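# Close look at the chain arrangement
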Amino acid sequence: MEMNDDIKERLKECGLKNTKHRKAILDFMFCSRVPASAEQVYIQMNGQGTSIDLSTVYRTLETLREKGLLIKHDRLNDTRALYEYNRMEHKHYLVCLGCNKMLPIKDCPLAEYERALEKATNFVIAGHKLDIFGYCAECQEKGLQE
Ligand SMILES: [Zn+2]
Ligand SMILES: [Zn+2]
């Protein structure tokens, strides 16, 4: 219940109409603990009985991203971006180049470094982005890391 209210509220704050597709996609993104691709969202939507085509999924994800409701993670080596619900948290990820999955890292390794940098350079740091790329245990088993 709380989750639905939060989502409705955030759509309203952004000046977006609460359409069936936007709500269904945001609901899914809210519940998903790891970032998802447009294809994954498309499969999930149609699996749960929300009929929607892939281009509408793309368009809706982009609209929600433009309004700051979703975060988009671009990939290093291909065009399949992943989206996640913007919980306004500071997060870093291990990104698997084999299967596209993203695992959140518990802590921020750069907090202390930022403070040292500020002192050394007299630069006021506003933030940073960091993702670490590699291969997960399952992909290593499949020999995908070469
Ligand atoms: Zn993998
Ligand atoms: Zn950080």
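If you're wondering where the values come from, they're calculated on a predicted model, not measured in any experiment.

### Considerations on the overall build of the chain
From N to C terminus, the chain includes 6 helices and 6 strands. When the helices and strands of the chain are read in sequence order from the N terminus, they spell out α-α-β-α-α-β-β-β-β-α-β-α. Overall size of the chain, expressed as C-alpha extent along the three principal axes, is 50 × 45 × 25 Å. By the burial criterion, 32% of the 146 residues in the chain qualify as buried. Intrachain contacts of the chain at a sequence separation of at least 6 include 47% that bridge at least 24 residues. A total accessible area of about 9700 Å² is found for the chain, and carbon and sulfur atoms account for 52% of it.

### Here's the deal with the pattern of salt bridges
If you walk through the whole model with that rule in mind, you get 7 salt bridges. Notably, a salt bridge pairs Lys 12 with Glu 9, separated by 3.9 Å at the nearest N-O pair. Of this pair, Lys 12 and Glu 9 both sit in helix 1 (residues 2-13), 3 residues apart, which is roughly one turn of that helix. Under the relative-accessibility criterion, Lys 12 is labelled exposed at 60%. One salt bridge connects Asp 27 with Lys 23, and the closest N-O pair in it is separated by 2.7 Å. In this pair, Asp 27 and Lys 23 both sit in helix 2 (residues 20-31), 4 residues apart, roughly one turn of the helix. Under the relative-accessibility criterion, Asp 27 is labelled buried at 14%. Through salt bridges that share partners, Glu 62, Arg 65 and Lys 72 make up one connected network.

### Description of the nonpolar core
Counting 21 residues, the largest nonpolar core has Ile 25, Leu 26, Met 29, Val 41, Leu 61, Leu 64 and Leu 70 as its most contacted members. Elements represented by at least two residues in this core include exactly helix 1, helix 2, helix 3 (38-47), helix 4 (54-66) and strand 3 (82-85). For this core, the element with the most residues is helix 2, which contributes 5 residues.

### With respect to the sheet that holds strand 2 (residues 70-73)
Paired through their backbone hydrogen bonds, the strands of a sheet run either parallel or antiparallel. If you trace the 3 strands from one edge of the open sheet to the other, you get 1-3-2, paired in antiparallel fashion. Only two strands of the sheet have a single partner each, and these edge strands are strand 1 (36-37) and strand 2. Its contacts with the sheet put helix 2 on strand 1, strand 2 and strand 3, and the angle it makes with strand 3 is roughly 85 degrees.

### Focus on the coordination of the zinc ion (ligand 1)
Protein ligation of the zinc ion (ligand 1) involves Cys 96 (SG), Cys 99 (SG), Cys 136 (SG) and Cys 139 (SG), the donor distances falling in the range 2.2 to 2.4 Å. When the donor residues of the zinc ion (ligand 1) are listed from N- to C-terminus, their spacing reads C-x2-C-x36-C-x2-C. Taken together, the residues Cys 96 in strand 4 (residues 92-96) and Cys 139 in helix 6 (residues 137-141) connect sequence positions 43 residues apart. One exposure class covers both Cys 96 and Cys 139, and it is buried.

### Thoughts on a nonpolar patch on the surface
A cluster of nonpolar side chains, contributed by Leu 94, Leu 103 and Ile 132, occupies part of the molecular surface with about 240 Å² of accessible area. Mapped onto the secondary structure, Ile 132 falls in strand 6 (residues 131-134). Judged by relative accessible area, which is 39%, Ile 132 ranks as partly exposed.

### Topic: the confidence of the model for the chain
Counting all residues, the mean pLDDT for the chain is 89, and 95% of those residues have values of 70 or more. Taking the mean pLDDT of every element in the chain, the minimum, 79, falls on helix 1 and the maximum, 96, on helix 4.

Conventions used here
Residues numbered from 1 in each chain as written. Chains lettered and ligands numbered in written order. Predicted model: local features only at pLDDT ≥ 70, side-chain atom pairs only at ≥ 80, totals over all residues. Heavy atoms only, no water. Helix = DSSP H or I, 4+ residues; strand = E, 2+ residues; numbered from the N terminus. Buried < 20%, exposed > 50% of the residue type's maximum accessible area, 1.4 Å probe, protein only. Contact = heavy atoms within 4.5 Å. Areas by Shrake-Rupley, 256 points an atom, 1.4 Å probe, with all protein chains shown as cover. Salt bridge = Lys/Arg side-chain N within 4 Å of Asp/Glu carboxyl O. Core = buried A, V, L, I, M, F, W, Y, C linked by side-chain atoms within 4.5 Å. Pairing = 2+ DSSP bridges. Axes fitted to C-alpha atoms, helices over the stretch in contact; angles between N-to-C directions. Donors = N, O, S within 2.8 Å, 3.2 Å for Na, K, Ca; no water. Patch = residues over 30% accessible without salt bridge, like charges linked within 9 Å, V, L, I, M, F, W, Y side chains within 5 Å. pLDDT = per-residue confidence, 0-100.

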